[in-house]
Amino acid sequence: MATKIISGDFGVENLFEIRTYLQRGGYEAVKKALPRMKPAEILEEVKKANLRGRGGAGFPAGVKWGFVPQNVPRPKYLCVNADEGEPGTFKDRYIMSHHPHLLIEGIILASYAVGIHTAFIYIRGEYEAVARRLEGAVQEAQREGYLGKNILGTGFDLEVIVHRGAGAYICGEETALLESLEGKRGHPRLKPPFPASIGLFGCPTVINNVETLSNVPFIVLHGAESFLKQGLPKDGGTRIFSVSGMVKKPGIYELPLGTKLVTLIYEFAGGMMDGKKLKAVIPGGMSAPILRADEIDLPLDFDSLVEAGSMLGSAAVIVIDEETSMLEVLKTMARFYFHESCGQCTPCRVGTSWIYKIVTRMVAGEGRKEDLDTIIDLASNIMGKTLCPMGDAAAMPILSLCRKFREELAKNLAP
Amino acid sequence: MSPAYSPGLLRKIDELIGRYPKKEAALLPVLRLVQDEVGCIGPEEEKFVAGLLDLKPMRVREVATFYTMILTRPQGRYHIQVCHNLSCTLLGATTVLDYLKDRLGIGVGETTPDGKFTLSTVECLGACEMAPCLMVNSDYHGRVDRQRIDEILAGLK
């Protein structure tokens, strides 16, 4: 049985309370690191572990931290991306509600490594109960001396603020998140400058996903080697897969990177529900290009998915059965991206709206002969032509669906 | 300052503003606090919040209209939001929505004449393992079917 770095204790009663967390060996990494390790040593260890971002982009966290300029007169900030909005994804909700202190411990270690004294947890607005739990955990940690001034007598200060979003998918994009946190519309920024140099309030900023940070205590406590032993040599550690759709046992599964998609669906998630037949799988959140049933015998890691023409993204696996109409799937996708486009870049704003209109026409039985080609043309003209990755996130799954299920979709067009 | 707002709200707002390095960063949380008390963010609330944060009312409106959870019109006492994203649609969100329309006698985006219920659709709530799911105000309900909906509605006084 592989080690569960994050979810191993999820079944423990009242794990969210600091008392239980401490009994289970919680805050040991902080106790080890703060008095005895130099910030640079933690940074090195996380770099060595090649901890890749669990939000979707897969950028190595250690490298990101390393980009933050030291010796600047301005404050530095950590923003925890807890805006989990990628359709199909719910793993961060589990981490924050079951194991909030693990995240806080990761926040302390990351902040110490980079020299940060203020961290914001930007949590999506709908997670009201989860936000309250986090706030409770922050208060507990303060009371016990793990947050606040002079943590564990080491002279290191850190304040954590839970900040609630208000319903906008785009705010999961890191620069939109910063804008939103500054009290503005969530419009992504042009990069460069990158947040590491000019981020929140114009100051150097690290932005990490909840799951990414929750891996840090393990790395600090057990070393990069142990972390790399899980998963693959290039992709260390585990991923928490959010499995939903037509499977017997939807839920979260923490597995080593490189576990096969077919194993995840048929062994861990119990296979198809009610004897239904598999038709397609979205392997990394809705934005990840779709895979046909005959394409799922592949390892789940960042590089293998890219080779297969998709992406691991947020590791949200949505399982679709034979009886599902791909036109309905296309409509849901088209509507979602149209609704969530922030409106800043014309190709995305107008393109997603036109695609949705065309799909709606197809659903109404008024599809024109050229409609699928028009959708492909529109989506291709969104790709790579927007400020932020949401343009690609909208175009990629729509393109893959129109290409891989063209025959079925074409039945909704005029002859 | 309008007497319509409670001293408790004003105290909470002050506390909130104090937590941020820049006042205007508190805009979203302040809007949500005001909305919790008043029900929605109308022109009066925009002016009130703008005054608190030294912003122009237009700047507040710009933000208020961007986020789906900031409501610019009053809603029913119970705001029922049905997720209609992919995982929920696969598992019957359309049936759930149709049943609710039927039970409440209203369409999506409408409020019952007695002001009790507003029905909306919402994009992925991040609870796909319990699809189909919906929210009543800030409470999540998963694996809903007709029977579950009857129970939920019966519990809302």
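Residues numbered from 1 in each chain as written. Chains lettered and ligands numbered in written order. Predicted model: local features only at pLDDT ≥ 70, side-chain atom pairs only at ≥ 80, totals over all residues.

In terms of helices and strands, chain B carries seven helices and four strands. The order of α-helices and β-strands along chain B, N terminus first, is α-α-α-α-β-α-α-β-β-β-α. Each of the three principal axes of chain B carries a C-alpha extent, and together these read 50 × 30 × 25 Å. The 157 residues of chain B split such that 38% are buried. A fraction of 53% describes how many contacts in chain B between residues 6 or more apart in sequence connect residues 24 or more apart. (Helix = DSSP H or I, 4+ residues; strand = E, 2+ residues; numbered from the N terminus. Buried ≥ 20, exposed ≤ 12 C-beta atoms within 10 Å, placed from the backbone. Contact = placed C-beta atoms within 7 Å.)

Attention now moves to unusual backbone geometry. Residues and elements named next belong to chain A. A cis amide bond links Lys-191 to the next residue, Pro-192, at an omega of -5°. Look at the link from Pro-192 to Pro-193: it is a cis peptide, with omega at 0°. Within the element layout of this structure, Pro-193 appears in the loop between helix H8 (174–181) and strand E4 (205–209). Phi at Asp-274 is positive, roughly 45°, even though this residue is not glycine. If you trace the backbone, Asp-274 turns up in the loop between helix H11 (261–268) and strand E7 (278–282). Overall, Asp-274 belongs to the exposed group, with 7 C-beta atoms counted inside 10 Å. The phi torsion at Ala-315 lies on the positive side, around 60°, for a residue other than glycine. Note that Ala-315 resides in the loop between helix H12 (302–307) and strand E9 (316–321).

The next point concerns the sheet that holds strand E1 (residues 78–83) of chain B. Residues and elements named next belong to chain B. Reading across the sheet, the four strands line up as E2-E1-E3-E4 and stay open at both edges, with mixed pairing between neighbours. Of all the strands in the sheet, just strand E2 (117–122) and strand E4 (139–141) have a single pairing partner and so form its edges. Between one strand axis and the next, the sheet turns by 25° as a mean value, whatever way the strands run. The pairing of E1 with strand E3 (residues 134–136) spans three bridges and is antiparallel. By the bridge assignment, Val-82 is partnered in E3 with Leu-134. Running at roughly 155° to E1, helix H6 (residues 93–104) makes contact with E1, E2 and E3 of the sheet. (Pairing = 2+ DSSP bridges. Axes fitted to C-alpha atoms, helices over the stretch in contact; angles between N-to-C directions.)

Moving on, we come to the domain arrangement of chain A. Buried accessible area, meaning the area lost when the parts come together, often serves as the stated size of an interface. Residue and element names in this part refer to chain A. Taken as a whole, chain A is organised into domain 1 (18–229), domain 2 (238–321) and domain 3 (326–410). The C-alpha centroid of domain 3 is placed 23 Å from the C-alpha centroid of domain 2. Across the boundary between the two partners, domain 2 contributes seven residues, which contact nine residues of domain 3. Across the side of domain 2 that touches domain 3, the residue classes break down as five nonpolar, one polar and one charged. (Domains from an automatic or database assignment. Nonpolar A, V, L, I, M, F, W, Y, C, P; charged D, E, K, R; others polar.)

Split by domain assignment, chain B resolves into domain 1 (7–64) and domain 2 (78–154). The distance between the C-alpha centroids of domain 1 of chain B and domain 2 of chain B comes to 29 Å.

Attention now goes to the nonpolar core. Among the nonpolar cores identified, the biggest contains 185 residues, and A:Cys79, A:Val80, A:Leu109 and A:Ile398 are the most heavily contacted of them. When near neighbours in sequence (up to four residues on either side) are disregarded, A:Val80 contacts A:Ile107, A:Ala119, A:Phe120, A:Ile121, A:Tyr122, A:Asn208, A:Val210 and A:Leu213. (Core = buried A, V, L, I, M, F, W, Y, C linked by C-beta atoms within 7 Å.)

Next up on the list: the sheet that holds strand E3 (residues 159–164) of chain A. All names here are of chain A. One open sheet accounts for four strands, arranged E3-E2-E1-E4; its pairing is parallel. One side of each edge strand has no neighbouring strand; the edge strands of this open sheet are E3 and E4. If you compare each strand with its neighbour and ignore which way they point, the axes differ by 20° on average. Looking at chain direction, strand E1 (residues 77–82) and E4 are connected through five bridges and run parallel. The residue of E4 that forms the bridge with Cys-79 is Ile-207.

All right, on to the environment of B:Thr118 then. For B:Thr118, the location among the structural elements is in strand E2. Residues B:Thr118 and B:Asn137, spaced 19 residues apart in sequence, show a C-alpha to C-alpha distance of 9.9 Å.

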